[in-house]
Amino acid sequence: MSGTSRRALLGAGLLVGAGTLSACGGPADSVCLEGDQPLDSGGGLSIPFVGSETHLRSEPQLGLLGLAVSPDGTRVAAHEWWHRRALSESETAGTTIWDTATGEIVTRFDDTMTGAIAWHPQDDLIATAGELAIHLTRPDGEVLWTLGGHAESDSLRSRTIRDLAFSPEGDQLASLSTDGTVRLWTLAEGSCTTAPVLPFRSGTPMALAYTLDGSQIAVAVQGQGAELWDARTGERVAALESCSQDAVGLAPDGQGRIILGIGEEGGLQQASPGSGCASGIESGISVPEYIAAGPEGRIAVSGGESERLELWHAGLAGHERIDLPESVPDIGAPGELGRTAWGPDGILYAVTRWWGVVTWNGQEWAPLEMP
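Residues numbered from 1 in each chain as written. Predicted model: local features only at pLDDT ≥ 70, side-chain atom pairs only at ≥ 80, totals over all residues. Heavy atoms only, no water.

A. Here's a closer look at the overall build of the chain. Helix and strand counts for the chain come out as 3 helices and 30 strands. Split into buried and exposed, the 371 residues of the chain put 58% on the buried side. In the chain, the share of contacts with a sequence separation of at least 24, taken over all contacts with a separation of at least 6, comes to 49%. In the structure as shown, the chain presents an accessible area of about 15,000 Å², 46% of it carried by carbon and sulfur atoms. (Helix = DSSP H or I, 4+ residues; strand = E, 2+ residues; numbered from the N terminus. Buried < 20%, exposed > 50% of the residue type's maximum accessible area, 1.4 Å probe, protein only. Contact = heavy atoms within 4.5 Å. Areas by Shrake-Rupley, 256 points an atom, 1.4 Å probe, with all protein chains shown as cover.)

B. Representation of the side chain of threonine 137 within the structure. By the secondary structure assignment, threonine 137 is in strand E8 (residues 134–137). Apart from residues lying up to four places away in sequence, threonine 137 is in contact with Phe109, Leu125, Ile126, Glu142 and Val143.

C. Main features of the packing of aromatic side chains. By the definition in use, this model includes 2 aromatic pairs. Taking 5.2 Å as the distance between ring centres and 55 degrees as the angle between the ring planes, the aromatic pair formed by tryptophan 360 and tryptophan 365 counts as tilted. Residue tryptophan 360 is classed as buried on the basis of its relative accessible area of 12%. Taking relative accessible area as the criterion, tryptophan 365 reaches 16% and is therefore assigned buried. (Phe/Tyr/Trp six-rings, centres within 6.5 Å; stacked < 30°, edge-to-face > 60°.)

D. Examining the pattern of salt bridges more closely. Applying the stated criterion to the full structure yields 12 salt bridges. Here aspartate 124 makes a salt bridge to arginine 75, at a shortest N to O gap of 3.1 Å. Of this pair, aspartate 124 sits in the loop between strand E6 (117–119) and strand E7 (126–129) while arginine 75 sits in strand E3 (residues 75–80), and the two are 49 residues apart along the sequence. Look at aspartate 124 and you get partly exposed, because its relative accessible area is 32%. You can call arginine 75 buried: its relative accessible area is 18%. Salt-bridge contacts for arginine 353 lead to glutamate 336; the nearest nitrogen and oxygen are separated by 2.7 Å. You can see arginine 353 sitting in the loop between strand E28 (348–352) and strand E29 (356–360) and its partner glutamate 336 sitting in the loop between strand E26 (319–323) and strand E27 (337–342), a full 17 residues away along the chain. Like arginine 353, the residue glutamate 336 is buried in the burial classification. Overlapping salt bridges, with partners in common, bring together Glu305, Glu336 and Arg353 in one network. (Salt bridge = Lys/Arg side-chain N within 4 Å of Asp/Glu carboxyl O.)

Read these as spatial facts, not as claims about activity.
Encoded structure:
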């Protein structure tokens, strides 16, 4: 998308999604809106409960779902939680970008996003998500597109867009929400158009990833297992055989296989699109919902707001467990690891609720500047 001018959208800036129409009883239509546009049902702000621990919540804190490293490894993005601005602890709430060489903050958006983040593989563009909205944004804060269609929270459960992924060529974006849908958008020549909606009528989609060639999307569905969907037609291709039904995390290992995190068993499974899942391997992470593949096939596993992560060798052939420091200075709270992401140089980045963004260089943890 670099070097191309943005095109005006047909129909007064709105394109109707190509997925199942809500009038037919399926999920609501997706939309692409040019620029930073509010959505009718709230624009992506998710407000968590603030109770008796408000004294802790007034300290710096980041959301656990959002973390992404730029393809060249020079920047990392995460989400500053909304309450800091509400409690006058910060002038902004939402996406924050750091310089990885210095650890200093270079940009802060006041976009209230608290969900997943993805960095475009070729263009200097990031996708940031909240509960409802997704922004396609330049790292300087210019919002090119607002994407919508995911359902808002109801009185029974909270919802959020918990995973985002660009296709390997960067011409498609997939978003996964706990509303039970995966939505696709086509990105080409500076334009955004909607693509099929993948509805999940049973189970809860938890994580997604494109296959190496970008032709299919693998989805971990808690209550169903792992499924493959055609990235162009939006049709379900197959369920991966012999996979646990309690799939909560998923990532490609860079070698043509998929690594699944299994919540009920606290384990991991290797899967191949052609041959299904191998036997499970026990993990020390009770809810291995965040899985990131790094250089040389290494795998980082975290989740369940645990205070440790596991680093696995290629092919899940052995691992080491790495603890965060016991507590945060002046707070006394545990770190609570969320999502992890690898830089191209092999540095591992992790987002924690209290420490902020921290890096693991193979020897020690180092924190980046806090918002």
